[in-house]
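A look at the structure
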Amino acid sequence: LELLAELPARAPAVAGPYNCGTLLATRSGRLLGIDLALIENYYSGLDWKIPEALYDRLAEKLDLLIVSHGHWDHCWIELIELLLSRGKPVFAVAGMQTDLPKRVPPGCRFIRDGEQFPWEGVHLTFTFAPHAYDNGRHIPLMTTRIRDGSVSCLHTSDADTTTGEGWSPLDDEAPDVALF
């Protein structure tokens, strides 16, 4: 819980809380989450004790949630619902709504391949890429480039980086921080 208070003061900064996901604090004081999925028993059936307060605290502190694809270790439906109920934006890969047994809540902004736009002082670019463990399933997945002033961060999620799709074609500039 202390991380949520400390990270924005260190912006631009990156942190990886608990199981899966990334938190990014921007220079403008915004907190972005990518693929946050605090799954209590994801690895080997271990029952992690995640503090209940963390769920509400994340929804309170986050300004934006980005969901790269619909696998459970990247997509936390309950957090999406909490953020949307508080009027906060959730950006998710187009096509994701068909990949989950649980229904993706209405109100998400579904991102198309190549979409880019400014958001709260940063510039976001999204590129579709094949999933590393796709095996012919054609899992909708997007990578995210975040530019905060002169700092560039690339989040590849579970993209198959051996193909060169979704990460190198974003532009000619190498990212300052690459998150795999």
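Just above, that's the structure.
Report on the accompanying structure.

Definitions and cut-offs
Residues numbered from 1 in each chain as written. Predicted model: local features only at pLDDT ≥ 70, side-chain atom pairs only at ≥ 80, totals over all residues. Heavy atoms only, no water. Pairing = 2+ DSSP bridges. Helix = DSSP H or I, 4+ residues; strand = E, 2+ residues; numbered from the N terminus. Axes fitted to C-alpha atoms, helices over the stretch in contact; angles between N-to-C directions. Buried < 20%, exposed > 50% of the residue type's maximum accessible area, 1.4 Å probe, protein only. Polar contact = N/O pair within 3.5 Å; in protein donor to acceptor, adjacent residues only side chain to side chain. Contact = heavy atoms within 4.5 Å. Phe/Tyr/Trp six-rings, centres within 6.5 Å; stacked < 30°, edge-to-face > 60°. Salt bridge = Lys/Arg side-chain N within 4 Å of Asp/Glu carboxyl O.

Moving on, we come to the sheet that holds strand β7 (residues 116–119). Read from one edge to the other, the open sheet built from five strands follows the order β7-β8-β9-β10-β11, with strand pairing classed as mixed. Strand pairing shows two members of the sheet lacking a second neighbour, β7 and β11 (177–179), which therefore form its edges. In this sheet, neighbouring strand axes are inclined to one another by 20° on average, regardless of whether the strands run parallel or antiparallel. With five bridges joining them, strand β9 (residues 142–148) and strand β10 (residues 151–155) adopt antiparallel strand pairing. Across the sheet, the residue bridging to Ile146 is Cys153, located in β10.

Moving on to the pairing of strand β3 (residues 31–37). Most of β3 sits inside the fold, with seven of its seven residues counted as buried. The sheet contact formed by β3 and strand β4 (residues 64–67) spans three bridges and is parallel. Across the sheet, residue Gly33 finds its bridge partner in β4, namely Leu65.

Before going further, it helps to examine the side chain of Ser68. Position of Ser68 relative to the elements: it lies in the loop between β4 and α3 (77–85). Take Ser68: its relative accessible area is 1%, and that puts it in the buried class. Within the structure, the side chain of Ser68 is placed 2.8 Å from the side chain of His69, a separation counted as a polar contact. At a separation of 2.6 Å, a polar atom in the side chain of Ser68 contacts the side chain of Ser157. Ignoring sequence-local partners within four residues, the contact set of Ser68 consists of Asp35, His74, Val93, Pro140, Leu141, Met142 and Ser157.

This paragraph deals with the packing of aromatic side chains. Counting across every chain of the model gives three aromatic pairs. Residues Phe91 and Phe126 carry aromatic rings whose centres are separated by 6.4 Å and whose planes lie at 85° to one another, so their mutual orientation is edge-to-face. A residue pair is termed long-range when its members are at least 10 positions apart, and Phe91 in strand β5 (residues 90–93) and Phe126 in strand β8 (residues 122–128) qualify at 35 residues.

In total, this model carries five salt bridges according to the counting rule given. For Arg30, the salt bridge goes to Asp63, with nearest N and O atoms at 3.5 Å. Here Asp63 lies in the loop between α2 (52–61) and β4 and Arg30 lies in the loop between β2 (20–25) and β3, a separation of 33 residues in the sequence. We note a salt bridge from Arg86 to Asp56, for which the minimum N-O separation is 3.8 Å. Note that Arg86 is positioned in the loop between α3 and β5 and Asp56 in helix α2, a separation of 30 residues in sequence. Judged by relative accessible area, which is 43%, Asp56 ranks as partly exposed. Salt bridges linked by common partners bring Arg30, Asp63 and Glu120 together as one network.

In short, geometric facts, not functional conclusions.
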